[in-house]
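# Structural overview for review
The primary structure of each chain is shown beneath.
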Amino acid sequence: MSDKETTLDFDTDWSYSPAPQSSTEVKLRDRYNLFIGGKYQPSQTKDYLEIINPATEEKLSEVPQAGAADIQSAVEAAREAYTHTWSPMPAADRGKLIFRIARMIQERAREIAVIETMDGGKPIRESRDVDVPLAAAHFFYYAGWADKLDYAFPGRSAQPIGVAAQIIPWNFPLLMAAWKLAPALAAGNTLVLKPAETTPLTAMVLAEIVREAGIPPGVVNIVTGGGETGQILVRHPDVDKIAFTGSTAVGKEIMRTLAGSTKRYTLELGGKAANIIFADAALDQAVEGIIDSIFFNQGHVCCAGSRLFVQESVYAEVIKKLQERMEMLIVGNPLDKNTDIGAINSREQLERIQAFVEIGKQEGGEVYQSKCNLPDNGFWHAPTLFSNVSQSHRVVQEEIFGPVLAVQTFRTVDEVIEKANNTPYGLSGGVWTDKGAKIFKVTREIRAGVIWANTFNKFDPTSPFGGYKESGMGREGGVEGLMPYVRLDG
Ligand code: NAD
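These notes cover the structure that comes with them. Numbering of residues starts from 1 in each chain and follows the order in which that chain's sequence is written. In keeping with the model being predicted, local features are shown solely for residues with a pLDDT of at least 70 and side-chain atom pairs are shown and tallied solely at 80 or more, while totals for entire chains, interfaces and linings include all residues. With hydrogens and water set aside, each side-chain value is computed from the structure's full complement of heavy atoms.

## Considering the sheet that holds strand 17 (residues 428-432)
Pairing within the open sheet is mixed, and its seven strands lie in the order 13-14-15-12-11-17-18. Two strands close off the open sheet at either side, each with one partner strand: strand 13 (366-369) and strand 18 (450-453). Ignoring strand direction, the axes of neighbouring strands in this sheet form an average angle of 20 degrees. The contact rule is simple, with two residues in contact once any of their heavy atoms fall within 4.5 Å. Whenever a helix is involved, its axis is fitted only over the stretch in contact; in every case the axis is a line through C-alpha atoms, and angles between N-to-C directions fall within 0 to 180 degrees. Strands are runs of DSSP state E lasting at least 2 residues, helices are runs of H or I lasting at least 4, and numbering of each runs from the N terminus. Of the strands in this sheet, strand 11 (274-277), strand 17 and strand 18 touch helix 16 (residues 436-445), which is tilted by about 165 degrees from strand 18. Note on pairing: DSSP must find at least two bridges between two strands before they are called paired.

## Description of the site of the ligand
In these notes, residues near a molecule or strand are those with any non-hydrogen atom within 4 Å of it. Not every one of the 28 residues close to the ligand is listed here, only the nearest: Ile168, Glu197, Ser247, Leu269 and Glu399. Residues adjacent in sequence count toward polar contacts only when both atoms are side-chain atoms; beyond that, a polar contact is any pair of N or O atoms within 3.5 Å, and within protein one must be able to donate a hydrogen and the other to accept it. At 2.9 Å, a side-chain N or O of Lys194 approaches an oxygen atom of the ligand. Within the contact set of the ligand, an oxygen atom lies 3.3 Å away from a backbone nitrogen or oxygen of Gly246. For the ligand, whose unbound accessible area comes to 840 Å², protein coverage reaches 90%. A cavity here means a set of 1 Å grid points, computed over protein atoms only, where a 1.4 Å probe fits but cannot escape. A pocket is an open set with protein on both sides within 12 Å along at least 5 of 7 lines, and lining residues have an atom within 4 Å of a point. Assignment to a cavity or pocket requires that more than half of a molecule's atoms be within 2 Å of the site's grid points. Taken atom by atom, the bulk of the ligand overlaps the largest pocket. Secondary structure elements with two or more residues in the shell around the ligand: helix 9 (227-235), strand 9 (241-245) and helix 10 (248-258). Looking at which element gives the most residues to the shell around the ligand, the answer is helix 9, with three residues. Of the residues assigned to the shell around the ligand, the class counts are 13 nonpolar, ten polar and five charged. Surface accessibility in these figures is a Shrake-Rupley result with a 1.4 Å probe; residues are shielded only by whichever protein chains are displayed. Each residue gets one of three labels, nonpolar for Ala, Val, Leu, Ile, Met, Phe, Trp, Tyr, Cys and Pro, charged for Asp, Glu, Lys and Arg, and polar for the others, Gly among them.

## Some points on the layout of surface pockets
There is about 1200 Å³ of room inside the largest pocket. Taken together, 46 residues make up the lining of the largest pocket; nearest its centre are Trp170, Phe244, Gly246, Ser247 and Val250. If you list the elements that add at least two residues to the lining of the largest pocket, you get helix 7 (173-186), helix 9, strand 9, helix 10 and helix 13 (347-362). When the residues that make up the lining of the largest pocket are grouped by side-chain class, the tally is 19 nonpolar, 16 polar and eleven charged. For each domain, the first and last residues come from an automatic or database assignment. Taken domain by domain, the lining of the largest pocket gets at least three of its residues from each of domain 1 (34-269 + 471-489) and domain 2 (274-460). Grid points are joined across faces, edges and corners, and a volume is the space filled by probe spheres set on the points. Considered as a void within the structure, the second largest pocket measures approximately 510 Å³ in volume. Along its surface, the second largest pocket is lined by 21 residues, and Trp14, Ser15, Leu329, Ile330 and Val331 are the ones closest to its centre. The class makeup of the residues in the lining of the second largest pocket is nine nonpolar, nine polar and three charged.

## Thoughts on unusual backbone geometry
Generally, phi is negative for residues other than glycine and the peptide bonds are trans, each holding for most cases. Its identity is not glycine, yet Asn388 carries a phi of approximately 55 degrees, on the positive side. Looking at the element boundaries, Asn388 is found in the loop between strand 14 (384-387) and helix 14 (394-397). For Lys469, which is not glycine, the phi dihedral falls at a positive 50 degrees. Looking at the element boundaries, Lys469 is found in strand 19 (residues 468-469).

## Looking at the pairing of strand 6 (residues 163-167)
The buried fraction of strand 6 amounts to five of the five residues, a majority that puts the element mostly inside the structure. Here strand 6 shows no split at all, with Val163, Ala165 and Ile167 on one side and Ala164 and Gln166 on the other all buried. Note: strand 6 against strand 7 (residues 190-194), five bridges, orientation parallel. Note that in strand 7 the partner of Val163 across the bridge is Thr190. Classification remark: right-handed applies to a crossover when, strands pointing away from the viewer, the course from the first strand over the helix to the second runs clockwise. Between the parallel elements strand 6 and strand 7, the chain passes through helix 7 in a crossover that is right-handed. Sheet topology note: the strand 6/strand 9 ladder contains four bridges and is parallel. The partner of Gln166 across the bridge, within strand 9, is Ala243. In this scheme, a residue with accessible area under 20% of its type's maximum is buried, one over 50% is exposed, and one in between is partly exposed, where area comes from a 1.4 Å probe on protein chains only.

## Side note on the packing of helix 3 (residues 91-107) against helix 5 (residues 124-145)
Following both chains from N to C, one finds helix 3 and helix 5 inclined at 165 degrees, their axes separated by 8 Å at the closest point. Here helix 3 is positioned roughly antiparallel relative to helix 5, judged by the angle of their axes. Here helix 3 and helix 5 pass one another in a crossing that is left-handed. On helix 5, the residues that touch Gly95, Ile98, Phe99, Ile101, Ala102, Arg103, Ile105 and Gln106 of helix 3 are Val132, Ala136, Phe139, Phe140 and Ala143. Among the residues making up the contact of helix 3 with helix 5, the classes are represented as ten nonpolar, two polar and one charged. Roughly parallel covers angles under 35 degrees, roughly antiparallel covers those over 145, roughly perpendicular covers 65 to 115, and oblique covers all other angles. Two helices that cross are described as forming a left-handed crossing if the nearer one is turned anticlockwise from the farther one by less than a right angle, and a right-handed crossing if clockwise.

This is how it looks when you write it as structure tokens:
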């Protein structure tokens with residue numbers, strides 16, 4: 001690395017011309033209803049949740065806050081469809097219908113990406129290039145498994161379980177729905193899906209797709225509402241399996257609720273991933289990987305690399321490059337195709353992130369924030385870097401779920417493995433080095449479900465995903481993702 005490169009002074013006094021994605025073709029309804037038994041039904045509670053665009057604070061629509069009577073109808077519809085339609089249907093026919101969902105997501109990709117961005121605040125580039133194509137890919141992948149379960153579990157007979165309750169968070173609304181629906185349907189189960197209270201709109205589009213694809217009534221039911229609605233669903237006696245993705249705190253509550261019951265469950269929970277940069281790594285690529293791992297999608301990624309470990313000899317260089325790169329990040333209108341960092345999903349989440357930044361400062365952490373102009377309306381947070389923190393700091397130990405990175409140094413491989421494992425979580429991690437032996441050692445010894453080497457945040461439907469320790473139990477994706485939805489006889 002020449003001196004010239006390391007001392008480059010970036011001129012940040014320039015900007016791209018706006019390149020907004022048009023939203024005029026997206027026609028949202030003023031109000032959505034519950035999708036139960038193949039029909040749209042108003043909630044019996046008559047309570048509605050306002051859905052707002054976090055980038056503008058404008059109301060987009062409203063959805064019902066489903067109560068016990070609604071959940072009862074949804075579970076009854078799912079049970080009826082399980083017994084009489086979906087599980088007796090020839091598996092190849094089920095596969096064709098799931099395949100159709102994938103095709104229809106592709107056909108409506110642009111519209112869905114715009115809705116996801118308006119509802120969740122994430123940059124259009126991310127919804128367009130990651131969320132929607134990956135959601136379609138999940139349905140394609142599991143459509144293929146529907147009539148091949150005997151090959152997935154050789155020598156065993158795989159039977160569906162029954163009715164699944166599926167509860168998902170707000171960070172990847174359509175993608176998390178796809179992770180849940182696709183394997184459940186392929187294995188012959190029916191389900192009730194509950195999207196997060198702030199991001200239900202792409203699930204409403206999914207309901208339209210499910211209907212138009214010809215999935216029989218009651219196979220997929222979609223109910224909206226907050227935590228209380230989720231609780232009712234988890235407790236319902238005729239639900240056979242719970243699939244939950246969300247915070248560790250709620251995951252633990254669900255485990256307590258289910259203790260002593262015969263319901264099966266899988267939990268995909270929080271994370272505090274270590275991203276480890278060795279001195280022999282390609283540093284420019286590593287810096288790009290750090291940016292991708294924590295700042296893109298506002299840090300609203302369960303596997304975000306929120307703890308950065310940099311080998312001491314390259315610490316100053318990495319931090320300088322990182323700060324320069326942070327200054328180039330474009331924060332603002334999520335519908336603009338140039339935007340790197342969109343809006344924080346809700347006021348509540350923004351306040352949580354701000355509170356953590358205060359805690360970090362009070363604990364003695366040194367803060368660097370990029371000098372971006374944040375829009376006046378909506379919920380925004382500048383990319384933030386904490387240095388001078390140690391293992392005991394809360395910003396190092398707790399999941400913040402925002403664009404906040406805590407940096408520490410290390411000298412040896414063993415030291416960094418010990419530090420990386422020193423957290424209650426174990427969802428993901430990253431390692432950047434030129435040496436294969438270090439990659440194998442780190443990936444073997446860090447207790448995390450997925451560890452990327454010289455890259456970060458790469459997903460594929462064929463690859464299982466899930467955590468160790470307080471990051472959850474069970475796997476989604478791949479053949480392993482079918483497992484929670486089958487009973488193996490023989
Ligand atoms: P959350 O736990 O607050 O909510 C998740 C879902 O659970 C929402 O639909 C919510 O309405 C519902 N819910 C809330 N309380 C409930 C209760 N008592 N019983 C049943 N359902 C309840 O999480 P969040 O803030 O929406 O999402 C962020 C969290 O999700 C982060 O911790 C993140 O790491 C985690 N996450 C994990 C993965 C993974 O694959 N491991 C993926 C995405 C997000």
